[in-house]
Amino acid sequence: MTASLLPPPPSFRHGLANLMASLAGARGHAGLPCPPLPELPPADLAPARHLVLLVADGVGEAQLRAHLPGGLLDRARIATLESVFPSTTASAVGTFLTGLPPGQHGLTGWHVWFSAIASQLAVLPLARRGIRGPAPEAEDWAQRLLDAPPLADRLPCPMEIVSPAWIVDSPFNRRLSGRAKRTGYRALPEMFAAIETALRVPEPSYIYAYWPDFDSKAHDAGPDGPAAVAALHELERELAAFLGRVQGTDATLLVTADHGFIAAPAERLIDLGDAPELAALLACPLSGERRAAYAHLKPGCREAFRAVIEARYGHALWCVDSDNLLADGWFGPPPYHPDLRNRIGDLTLLLREDWTLRDRLPGEDDYRLAGMHGGVSTAEREVPLCRFDLSRFDLGAGASPRSAPGR
């Protein structure tokens, strides 16, 4: 299949990097590489004493429409944004914490090939493939390999990060949090309580909060499974309680997501273990995502790999030159991270519809995920942007004039 049949590249004029430009500009830093969102000019946000960004992991536009229609978040939605490419947490959180698109911060998916150490790591836990838990070198790797400048170190105001206690002080988070204050929480009510406490600080501030519960449940049982849907309703209940407590506060709360979700049927999983002739052409295991995988090939094997994978799996994926994705702006505008070209391999495999792809190293678990993201479908790419102006928020109406639906 040709690249012309692919969806258009992510819009970096209407996406997460633009959202960060709006927020940073409103807090006095106008140096980010992407323009602010048209729906969210920095001058419009700047008067609020506190700006809060809540990232609900995995709660894409499709999930909001399917399971919370007419609810609090739905009524406060002001725009639909594009996630980053790939549409996954590691790449999007890199953008939230640095303000840069993936091409500049260099985090190209869950598994990243780092040429400086000639190894592939799961970047969020900084773990080697096939080995559970952070590596002994994780602290050193965080300092050496996570080299994008933290947004907190460039803002001329205090920043606080509210994140689950089990990850808030991870090497990844400590490195990309910079000088921001970090606050951990154990359950959703504690997250909102921590935000409420942060809103009592007298000076202007920026607060970033991250909630992972929907994502973990959607991976385990699917984005439409009872556990995942229950998590969405819990979010709305706790959000309503929080808004009731902080009405009248001089603050603006924005709620968005890092990506959306699709269901991933077990019968639509391609395992490269079933195609040893393909694995033999790879210089290292596939990296990236199960829905967007990078193939680093042995010298002279590009066309052989392309021919075999298109013949066997062309119904389920697109096989495109990684250089073409780079040139077409999929990773955002230049200047690119100096190791980006090495990290995205020779070819990128983009999975169609609800297909997924994996390869496994010896010793890796045979785990299956009922829900997935990282790909190019609308459900994975589109995320909502919801706005609550707390100084004039009316919980009874569910939305202030500023946060009325704008679709």
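Residues numbered from 1 in each chain as written. Predicted model: local features only at pLDDT ≥ 70, side-chain atom pairs only at ≥ 80, totals over all residues. Heavy atoms only, no water.

## Observations regarding the layout of surface pockets
Of the volumes computed, that of the second largest pocket is approximately 150 Å³. Around the second largest pocket sit Pro9, Pro10, Ser11, Phe12, Arg13, Cys34, Pro35, Asp328, Gly329 and Pro333, which together line it. Split into classes, the residues belonging to the lining of the second largest pocket amount to six nonpolar, two polar and two charged. (1 Å grid on protein atoms, 1.4 Å probe; cavity = no way out; pocket = protein on both sides within 12 Å on 5 of 7 lines; lining within 4 Å. Points joined across faces, edges and corners; volume = space filled by probe spheres on them. Nonpolar A, V, L, I, M, F, W, Y, C, P; charged D, E, K, R; others polar.)

## Quick word on helix 1 (residues 16-26)
Counting buried residues in helix 1 gives ten out of eleven residues, a clear majority hidden from the surface. Looking one or two places after helix 1, you find Gly28, whose phi comes out positive at around 100 degrees. (Buried < 20%, exposed > 50% of the residue type's maximum accessible area, 1.4 Å probe, protein only. Helix = DSSP H or I, 4+ residues; strand = E, 2+ residues; numbered from the N terminus.)

## Brief notes about the pattern of salt bridges
This structure, assessed with the given rule, holds 26 salt bridges. Note that Asp44 and Arg387 form a salt bridge whose closest N and O atoms lie 2.8 Å from each other. You can see Asp44 sitting in helix 2 (residues 42-45) and its partner Arg387 sitting in strand 18 (residues 382-389), a full 343 residues away along the chain. Side by side, Asp44 and Arg387 carry an identical accessibility label, which is buried. What emerges from the salt-bridge pattern is a single network uniting Arg302, Glu303, Arg306, Asp321 and Asp346. (Salt bridge = Lys/Arg side-chain N within 4 Å of Asp/Glu carboxyl O.)

## What to know about unusual backbone geometry
Here the amide bond leading from Phe85 into Pro86 is cis, since omega sits at -10 degrees, within 30 degrees of zero. Tracing the chain through its elements places Pro86 in the loop between strand 2 (77-82) and helix 5 (89-98). Cis rather than trans, the peptide bond between Pro334 and Pro335 has omega equal to 5 degrees. As for its placement among the helices and strands, Pro335 is situated in the loop between helix 14 (322-327) and helix 15 (340-343).

## Considerations on the pairing of strand 4 (residues 119-122)
Burial of strand 4 is two-sided: the residues Ser119 and Leu121 facing one way and the residues Gln120 and Ala122 facing the other way are all buried. In this sheet, strand 4 lies alongside strand 3 (residues 111-114) in antiparallel orientation, the contact comprising four bridges. Pairing of Trp113 across the sheet is with Gln120, part of strand 4. Turn length for the strand 3-strand 4 hairpin, with the two strands adjacent in sequence and antiparallel, is four residues, and the turn residue Ala118 shows positive phi of about 50 degrees. (Pairing = 2+ DSSP bridges.)

## Some words on the sheet that holds strand 1 (residues 50-56)
Overall, mixed pairing links the seven strands, which are arranged 2-18-9-1-8-6-7 in an open sheet. The open sheet terminates on both sides in strands that have one partner only, identified here as strand 2 and strand 7 (181-185). Ignoring which end each strand starts from, the neighbouring axes of this sheet average 20 degrees apart. Where strand 1 and strand 8 (residues 205-211) come together, seven bridges link them in parallel fashion. Looking at strand 8, one finds that Leu53 is bridged to Tyr208. Packing of helix 5 onto the sheet brings it into contact with strand 1, strand 6 (159-164), strand 8 and strand 9 (251-256), and relative to strand 8 it is tilted by some 170 degrees. Lying on the sheet, helix 11 (residues 226-246) is in contact with strand 1, strand 8, strand 9 and strand 18; it crosses strand 9 at an angle near 175 degrees. (Axes fitted to C-alpha atoms, helices over the stretch in contact; angles between N-to-C directions. Contact = heavy atoms within 4.5 Å.)

## Structural notes on the side chain of Glu82
Inspection of the secondary structure assignment puts Glu82 in strand 2. A polar side-chain atom of Glu82 sits 3.4 Å from a polar atom in the side chain of Arg381. Residues within four places of Glu82 in sequence aside, it is in contact with Pro10, Ser11, His14, Gly15, Leu16 and Arg381. (Polar contact = N/O pair within 3.5 Å; in protein donor to acceptor, adjacent residues only side chain to side chain.)

## Let's talk about the nonpolar core
Core analysis: the largest hydrophobic core is formed by 54 residues, its most contacted members being Leu19, Leu23, Leu53, Val123, Tyr206, Tyr208 and Leu385. Take this core: its biggest share by element is seven residues, from helix 1. Each residue touching Tyr208, except ones within four places of it in the same chain, is listed here: Leu53, Val55, Val93, Phe96, Leu97, Met159, Glu160, Ile161 and Val162. Counting 39 residues, the second-largest nonpolar core is a separate cluster that includes Leu68, Val162, Met191 and Cys386. (Core = buried A, V, L, I, M, F, W, Y, C linked by side-chain atoms within 4.5 Å.)

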